[in-house]
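Understanding the architecture of this molecule
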Amino acid sequence: MAFDIEMIKKVYEDLPGKVAHARQVVGRPLTLAEKILFAHLHPSMDTKNFERGKNYVDFAPDRVAMQDATAQMALLQFMQAGRPQVAVPSTVHCDHLIQAKVGAAEDLSTALNSNKEVFEFLASVSNKYGIGFWKPGAGIIHQVVLENYAFPGGMMIGTDSHTPNAGGLGMIAIGVGGADACDVMAGLAWELKWPKLIGIKLTGRMSGWTASKDIILKVAGILTVKGGTGAIVEYFGDGADSLSATGKATICNMGAEIGATCSLFAYDEKMGGYLRATDRADVAELASGVAEHLRPDPEVYASPEKYYDQVIEINLDELEPHVNGPFTPDLAWPISKFADAVRTNNWPEKLEVALIGSCTNSSYEDISRSVSIAHQAVEKNLKTKSEFTISPGSEMVRYTVEKDGLLQAYDVMGGVVMANACGPCIGQWARHIDDPNRKNSIITSFNRNFAKRNDSYAGTHAFVASPEIVTAFALAGDLTFNPLTDTLINEDGKAVKLDEPKGFELPPHGFSVEDAGYQAPAENGEGVEVLVSPDSQRLQLLDPFPEWEGTDLHGLRLLIKAKGKCTTDHISMAGPWLKFRGHLDNISNNMLIGAINGFNDSIDKVKNQLTGEYGPVPATARAYKAAGIGTIVVGDENYGEGSSREHAAMEPRHLGVRAILVKSFARIHETNLKKQGMLGLTFAKKEDYDLVQEDDVIDIVGLTSFTPGVPLTVVLHHADGTEDRISVNHTYNEQQIEWFKAGAALNIIRRQVLQPA
Ligand code: SF4
């Protein structure tokens, strides 16, 4: 059930009534984001309090999308739920594990070999549980979702930060961690802080070299990488309606770079046209039937400042192409100022590689506009001066641009077409460089340009721009070039000037594809075996975590008293460890290896109370676990900040940690701990942190009457025979206490599935 028209029909049937009710509750006209949010409240929600940026609210998303890297643990966990099928339409997309090296065919075949077991697992688990599977080479998750699944007024969560791409088709689409995806697939509610709203009014029309990418590059410059945090960014105005659906998606995609929860455009004819072009005339018709509910109320357009927390206006008539960077996507330069910035800041002027692609900019429109520059290169006898690669966003786009004769021009001008995948955008790039330490410049049409993101070299200055600007720079090989005003010297030694790019919003002869790369799941997956080799180093089936033993916890040992910052990266490091993200036992060897031990200021060096020796945190935890002794981790402020990575909660659970006791938690991590059946506790008096000693034996008392709002007691038995009894707080509600007792939230779901009430 990857695509489900009945589900979409239901959303549209219910929409008018839900919007009317929401207007009544709120007592004023509604923005589009509010309409969609209210329409997707979880049935269990009875709160009337929707204060922006304050209240946490439960939602019922319509669908889930997962990319191959993050899907592994999400699906391994989902298997624990015991459901025969996912609760909502879901898809898996194999795009992150394909390294760009030589060209599409060869790179794809290498990836198929090196990731065989992961792809086989994902294919088989998808087949079993009713999940649509997009094979390696089918394309990048967000482009494929836009082409097949996104629909106006819907709500989706995806295990990737650029999930908001689907806002280009009017969908609230939000990037989440694997645990959230697992919950929704298992039929649980999904929680989000009711977002703030930023309204961006677009007036005028783009022309010439300016593209949708330049709108978001400009917005990033205004709002910076933090400006959208906790907010939905809603675009409106005549200028917004003039943009193609894929152009809208580019803007929503890169809203991730300003920290936005997601971004959104209202339903219009451009979206209808895109839905029809991608074989979804039925969805376009249904959406047109409720069009007024897929746009903000008229009063919002009339006085946006009354309804949004912040309003920004951009006149597209005046918008210049932008180049943003290096090292951060919010360093925004209009093209007229860029050459000066390059010289003034002493950034390497020589452009070494130009790259087109990524989920942000690899639509038919993007490629056709870039190709119009490539055609000029052929006509004007220009050759690329830098390396130039093109990664189409999906097989459908690639097949169509090839059929329409667009790819050939890249060949002639000196470009190389890579696999339909993330490739260099996520560092999956075997870059050829003589000296990796040398300062150098690259330009991409991607979204992120943090140091080392694309090629892992700290000296690489990565800039981002639209595909057409990137193509022009590939021809110039020089960052001080301005295609709007400057000439280039061609192979005949003549000065030539590039004309403005031209493209097609949609393919003039329609999209086509021979094999889009989709594999539908079995109708009944009962007999389907999930393929995981017992000796795999990358994948491991999970065993359910054990239930609470029904008593207070006595005789725990202190595993580590972490000092200072302890983010999810300190708890579960990324980098080389990510290859084990589907193997809980192997990845647990990175548990807390980045945390600073408060007793010796060292990392990954803690005392094993059983032997008196110091050793790595994971090995010490394993020693206690082998001896049947539970442990406790003590931490400082905002413990677990950073990503929503579920491994940071699963690893301690797996290695026998029973409680995390800290001065304060990052909220998402605290929730993740609860879901895994751990105790997440905070010092009632923060200074009690200082009472914890290295050789303490620790009890947690009060669990037999574990109640919301009632503190527990921690007893610290010190080595000198003295003890301290301290009060610790928790934020468990009734349901979360049941998770703790059952050993994990998923254990409860499995029980419900196996023994329905
Ligand atoms: S193309 Fe880049 S930004 Fe997009 S999903 Fe892949 S890695 Fe993420």
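This text goes with the structure placed above it.
Here we summarise the structure given alongside this text.

Turning our eyes to something else, we now look at the overall build of the protein. Tallying secondary structure elements over the protein gives 25 helices and 30 strands in all. Dimensions of the protein along its principal axes, counting C-alpha atoms only, are 90 × 60 × 55 Å. Here the protein holds 757 residues, and 61% of them are scored as buried. Pairs at least 24 residues apart make up 76% of the contacts formed inside the protein by residues separated by at least 6 positions.

Pairing is parallel across the open sheet formed by four strands, whose spatial order is 10-9-8-11. One side of each edge strand has no neighbouring strand; the edge strands of this open sheet are strand 10 (262-265) and strand 11 (310-315). On average, adjacent strands in this sheet sit at an angle of 20° to one another, irrespective of strand direction. Helix 10 (residues 245-253) contacts strand 9 (231-236) and strand 10 of the sheet and is inclined by roughly 155° relative to strand 10.

A few words now on the site of the ligand. The ligand sits among His-96, Ile-140, His-142, Asp-160, His-162, Ser-358, Cys-359, Cys-422, Cys-425, Ile-426, Asn-447 and Arg-453. For the shell around the ligand, the residue count by class is five nonpolar, five polar and two charged.

The full count for this structure, using the stated rule, is 25 aromatic pairs. Centroid distance Tyr-235 to Phe-265: 4.8 Å. Interplanar angle 5°. Geometry classified as stacked. In this pair, Tyr-235 is assigned in strand 9 and Phe-265 in strand 10, connecting sequence segments 30 residues apart. Judged on exposure class, the residue Tyr-235 and its partner Phe-265 are both buried. A centroid spacing of 5.5 Å and a plane angle of 85° characterise the contact between Phe-706 and Phe-740, whose relative ring orientation is edge-to-face. Placement of the pair is Phe-706 in the loop between strand 28 (697-701) and strand 29 (712-717) and Phe-740 in helix 24 (residues 734-742), with a sequence separation of 34 residues.

Across five bridges, strand 28 lies against strand 29 in antiparallel orientation. Bridge assignment links Val-701 to a residue of strand 29, and that residue is Thr-713. The pairing of strand 29 with strand 30 (residues 723-729) spans six bridges and is antiparallel. Paired with His-717 across the bridge in strand 30 is Glu-723. Linkage of strand 29 to strand 30, two consecutive antiparallel strands, is achieved through a turn of five residues, within which Gly-721 is found at a positive phi near 90°.

Okay, the sheet that holds strand 26 (residues 657-662) next. What the seven strands build is a closed barrel, ordered 22-25-26-27-30-29-28; its pairing is mixed. Neighbour-to-neighbour, the strand axes of the sheet open up by a mean angle of 40°, direction not taken into account.

In this structure, Tyr-12, Leu-75, Ile-172, Leu-202 and Tyr-235 are the most contacted members of the largest nonpolar core, which totals 131 residues. One finds Ala-354, Leu-382, Val-397 and Ala-409 within the second-largest nonpolar core, a separate group that totals 43 residues.

Attention shifts here to the pattern of salt bridges. Applying the stated rule across the entire model yields 37 salt bridges. We note a salt bridge from Glu-6 to Lys-9, for which the minimum N-O separation is 3.4 Å. Residue Glu-6 and its partner Lys-9 are located together in helix 1 (residues 5-26), separated by three residues, close to a single helical turn. Between Arg-645 and Asp-569 there is a salt bridge whose closest N-O contact spans 3.1 Å. Separated by 76 residues along the polypeptide, Arg-645 in the loop between strand 25 (631-635) and helix 22 (647-654) and Asp-569 in helix 19 (residues 568-571) bring together distant segments of the chain. Look at Arg-645 and you get buried, because its relative accessible area is 17%. Residue classification places Asp-569 among the partly exposed residues on the basis of a relative accessible area of 39%.

With that settled, the discussion passes to the pairing of strand 8 (residues 196-203). Two elements, strand 8 and strand 9, share six bridges in a ladder whose sense is parallel. Looking across to strand 9, one finds that Lys-201 is bridged to Phe-236. With helix 8 (residues 212-223) bridging strand 8 and its parallel neighbour strand 9, the resulting β-α-β unit is right-handed.

Inspection of the secondary structure puts Gly-137 in the loop between strand 4 (132-134) and helix 6 (141-148). Separated by 39 residues in sequence, Gly-137 and Ile-98 have C-alpha atoms that sit 8.4 Å apart. Not counting the four nearest positions on each side in its chain, Gly-137 is found in contact with Cys-94, Ile-98, Leu-108, Glu-395 and Asn-420.

Relative to the helices and strands, Thr-611 resides in the loop between strand 23 (606-607) and strand 24 (614-615). The spacing of Thr-611 and Thr-246 is 365 residues in sequence and 62 Å in space, taken between C-alpha atoms. At 3.1 Å, the side chain of Thr-611 forms a polar contact with the backbone nitrogen of Glu-613.

You can see Leu-531 is positioned in the loop between strand 21 (518-519) and strand 22 (553-561). The contact partners of Leu-531, leaving out residues within four places of it in the chain, are Glu-120, Phe-121 and Ser-124.

A few words on helix 10. Since there are 3.6 residues in each turn of an α-helix, residues three or four apart along the chain are aligned in direction. Where burial is concerned, most of helix 10 is hidden: nine out of the nine residues are buried. Taken residue by residue, helix 10 has Ala-245, Thr-246, Gly-247, Lys-248, Ala-249, Thr-250, Ile-251, Cys-252 and Asn-253 as its buried positions.

So, on to the packing of helix 15 (residues 364-379) against helix 18 (residues 467-476). For the pair helix 15 and helix 18, the least separation of the axes is 8 Å and the interaxial angle reads 25°. As the angle between them shows, helix 15 and helix 18 are arranged roughly parallel. Here the hand of the crossing between helix 15 and helix 18 comes out right-handed. For the pair helix 15 and helix 18, contact is made by Asp-366, Arg-369, Ser-370, Ile-373, Ala-374 and Ala-377 and by Pro-467, Glu-468, Thr-471, Ala-472 and Leu-475, respectively.

Quick look at the side chain of Asn-482 now. On the secondary structure map, Asn-482 appears in the loop between helix 18 and strand 19 (488-489). Among the polar contacts made by the side chain of Asn-482, one reaches the main-chain amide nitrogen of Leu-484 at a distance of 2.9 Å. Not counting the four nearest positions on each side in its chain, Asn-482 is found in contact with Ile-335 and Ser-336.

Here the focus is unusual backbone geometry. Following Gly-325, the chain continues into Pro-326 via a peptide bond in cis, with omega recorded as 5°. With respect to the helices and strands, the residue Pro-326 is situated in the loop between strand 12 (322-324) and strand 13 (332-334). Even without being glycine, Leu-592 reaches a positive phi, approximately 60°. With respect to the helices and strands, Leu-592 occurs in the loop between helix 20 (584-587) and strand 23. Look at Leu-592 and you get buried, because its relative accessible area is 0%. One non-glycine residue, Asp-601, lies in the positive phi region at around 55°. With respect to the element layout, Asp-601 can be found in the loop between helix 20 and strand 23.

Below, the discussion takes up the state of the cysteines. The full count for this structure, using the stated rule, is zero disulfides. Not engaged in a disulfide, the cysteine Cys-182 finds its nearest cysteine sulfur in Cys-94; these two sulfurs lie 19 Å apart.

Below, the discussion takes up helix 3 (residues 68-79). Its 12 residues place the ends of helix 3 16 Å apart at the C-alpha level, agreeing with the 16 Å of an ideal helix rising 1.5 Å per residue. Counting buried positions along helix 3 yields 11 of 12 residues, so the element is predominantly enclosed. Listed as buried for helix 3 are Asp-68, Ala-69, Thr-70, Ala-71, Gln-72, Met-73, Ala-74, Leu-75, Leu-76, Gln-77 and Phe-78.

Definitions and limits used
- Residues numbered from 1 in each chain as written.
- Predicted model: local features only at pLDDT ≥ 70, side-chain atom pairs only at ≥ 80, totals over all residues.
- Heavy atoms only, no water.
- Helix = DSSP H or I, 4+ residues; strand = E, 2+ residues; numbered from the N terminus.
- Buried < 20%, exposed > 50% of the residue type's maximum accessible area, 1.4 Å probe, protein only.
- Contact = heavy atoms within 4.5 Å.
- Pairing = 2+ DSSP bridges.
- Axes fitted to C-alpha atoms, helices over the stretch in contact; angles between N-to-C directions.
- Near = heavy atom within 4 Å.
- Nonpolar A, V, L, I, M, F, W, Y, C, P; charged D, E, K, R; others polar.
- Phe/Tyr/Trp six-rings, centres within 6.5 Å; stacked < 30°, edge-to-face > 60°.
- Core = buried A, V, L, I, M, F, W, Y, C linked by side-chain atoms within 4.5 Å.
- Salt bridge = Lys/Arg side-chain N within 4 Å of Asp/Glu carboxyl O.
- Right-handed = clockwise from strand over helix to strand, strands pointing away.
- Polar contact = N/O pair within 3.5 Å; in protein donor to acceptor, adjacent residues only side chain to side chain.
- Parallel < 35°, antiparallel > 145°, perpendicular 65-115°, else oblique.
- Left-handed = near helix turned anticlockwise from the far one by under 90°.
- Disulfide = S-S within 2.5 Å.
- Expected span 1.5 Å × (residues − 1).

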